[in-house]
Amino acid sequence: MSSALPHLLVLGGARSGKSRFAQGRAEVLTGKLVYLATAQAFDDEMRQRIELHRADRSPRWSTVEAPLDLAEAITAYSTPETVVLVDCLTLWASNLMLAERDTATATEGLARSLSTARGPVILVANEVGLGIVPDNALARRFRDVAGRINQEMAAVVEEAVIMYAGLPLTLKSKG
Ligand SMILES: Nc1nc2c(ncn2[C@@H]2O[C@H](COP(=O)(O)OP(=O)(O)OP(=O)(O)O)[C@@H](O)[C@H]2O)c(=O)[nH]1
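Per an unreviewed UniProt entry, the chain goes by the name Bifunctional adenosylcobalamin biosynthesis protein and belongs to Sphingobium indicum BiD32. Under the UniProt heading Sequence similarities (unreviewed entry), the entry covering the chain gives this text: "Belongs to the CobU/CobP family." For the chain, the Function (unreviewed entry) comment in UniProt is given as "Catalyzes ATP-dependent phosphorylation of adenosylcobinamide and addition of GMP to adenosylcobinamide phosphate."

## Thoughts on the layout of surface pockets
Here the largest pocket defines a volume of roughly 770 Å³. Surrounding the largest pocket, 31 residues form its lining, Arg-15, Ser-19, Arg-49, His-53 and Asp-87 being those nearest its centre. Only helix H1 (18–27), strand E2 (32–37), helix H2 (44–56), strand E3 (61–65) and helix H4 (89–98) provide two or more residues apiece to the lining of the largest pocket. A breakdown of the residues in the lining of the largest pocket according to their chemical character gives 9 nonpolar, 12 polar and 10 charged.

## Structural notes on H4
Counting buried positions over the 10 residues of H4 gives 7, a clear majority of the element. Residues of H4 that are buried include every one of Leu-89, Thr-90, Trp-92, Ala-93, Asn-95, Leu-96 and Met-97, and no others. Check the buried side of H4 and you find it contacts strand E1 (8–12), helix H3 (70–77), strand E4 (82–87), helix H5 (103–116), strand E5 (121–126) and helix H6 (137–156). At the exit of H4 stands Glu-100, carrying a positive phi of roughly 60 degrees.

## A closer look at the packing of aromatic side chains
For the coordinates displayed, the defined rule picks out 1 aromatic pair. Judged by centre distance (6.1 Å) and plane angle (85 degrees), the rings of Tyr-35 and Trp-61 are edge-to-face. You can see Tyr-35 sitting in strand E2 and its partner Trp-61 sitting in strand E3, a full 26 residues away along the chain. Take Trp-61: its relative accessible area is 9%, and that puts it in the buried class. Above the face of the Tyr-35 ring, Arg-57 is positioned so that its terminal group lies 3.7 Å from the ring centre.

## Some words on the packing of H4 against H5
Contact pair H4 / H5: the axes reach a minimum separation of 10 Å and the direction vectors enclose 140 degrees. Here H4 lies oblique to H5, going by the angle between them. Here H4 runs over H5; the crossing is right-handed. Residues Leu-89, Trp-92, Leu-96 and Met-97 of H4 touch H5, and the partners they reach there are Thr-103, Ala-106, Thr-107 and Leu-110. Residues of the contact of H4 with H5, tallied by class, amount to 6 nonpolar, 2 polar and no charged.

What counts, and at which threshold
The residue numbering used here restarts from 1 in each chain and proceeds along that chain's sequence as written. Only residues with pLDDT of 70 or above have their local features reported here, since the model is predicted, and side-chain atom pairs are shown and tallied only from 80 upward, although totals for entire chains, interfaces and linings are computed over all residues. Here the side-chain values reflect all heavy atoms present in the structure, with hydrogen atoms and water set aside. UniProt positions are given in the numbering used here, feature names are shortened, and annotations may be inferred rather than shown by experiment. Each cavity reported here is a set of points on a 1 Å grid over the protein atoms alone in which a 1.4 Å probe fits but cannot get out, each pocket an open set with protein on both sides within 12 Å along at least five of seven lines, and each lining residue one with an atom within 4 Å of a point. Grid points are joined across faces, edges and corners, and a volume is the space filled by probe spheres set on the points. For helices the rule is a DSSP run of H or I covering at least 4 residues; for strands it is a run of E covering at least 2, with both sets numbered from the N terminus onward. Put simply, Ala, Val, Leu, Ile, Met, Phe, Trp, Tyr, Cys and Pro go in the nonpolar bin, Asp, Glu, Lys and Arg in the charged bin, and everything else, Gly too, in the polar bin. Only protein chains enter the area calculation, which uses a 1.4 Å probe; residues under 20% of their type maximum are buried, those over 50% are exposed, and those in between are partly exposed. Two residues form a contact once any of their heavy atoms are found within 4.5 Å. Ring pairs shown here join Phe, Tyr and Trp side chains whose ring centres sit within 6.5 Å, with only the six-membered ring taken for Trp; geometry is labelled stacked below 30 degrees between planes, edge-to-face above 60, and tilted in between. Either the NZ atom of lysine or the CZ atom of arginine qualifies as a charge over a ring when it sits within 6 Å of the ring centre and within 35 degrees of the ring normal. Angles here are taken between N-to-C directions and fall from 0 to 180 degrees, while the axes themselves are lines fitted to C-alpha atoms, restricted in helices to the stretch in contact. Orientation categories follow fixed angle ranges, with anything under 35 degrees roughly parallel, anything over 145 roughly antiparallel, 65 to 115 roughly perpendicular, and all other angles oblique. Note: crossing handedness is left-handed where the near helix turns anticlockwise from the far helix by less than a right angle, and right-handed where it turns clockwise.

Structure below.
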């Protein structure tokens, strides 16, 4: 079943449909579905948004919140009968920066966890940095970190797509 399937990276801008696409790809597979959420609700709007996402997921999903220790969570939940969906790497990058963790070391750990995962992993990430260069150093650093994470994950997954207006554009495929 799912263990033979490749890891997938789903990139896209805000409201590009990346989460829906990633969930759809997971739901066509048999077995257990684990949603690894990296978001933290810092305000009411985010709490509401998270509630809507939870309500939107079928009861097949179980949810695990992993704002920082993502590699460990993948290792803990990945089995040959489980599809793990990580949503999303960009909030994870921002959580790492806020917690003053070393983002390069964490990204290496994440790549390692994919290579040892026992079942398929679907990663969702934002494509940031398409606009003008931010005028503050923190935003520039965030843009760089997020871009590096996307490149490193794209290098290790077998399949990658970018979403535009709800439609996937293939960047890398298993064939
Ligand atoms: N903590 C937590 N976060 C969740 C949960 N469900 C979803 N999220 C977060 O919700 C975020 C995605 O929601 P949005 O910001 O509305 O989606 P978007 O990325 O702008 O839009 P799309 O491209 O359409 O996916 C992800 O970062 C998830 O981590 C949950 O159960 N718990």
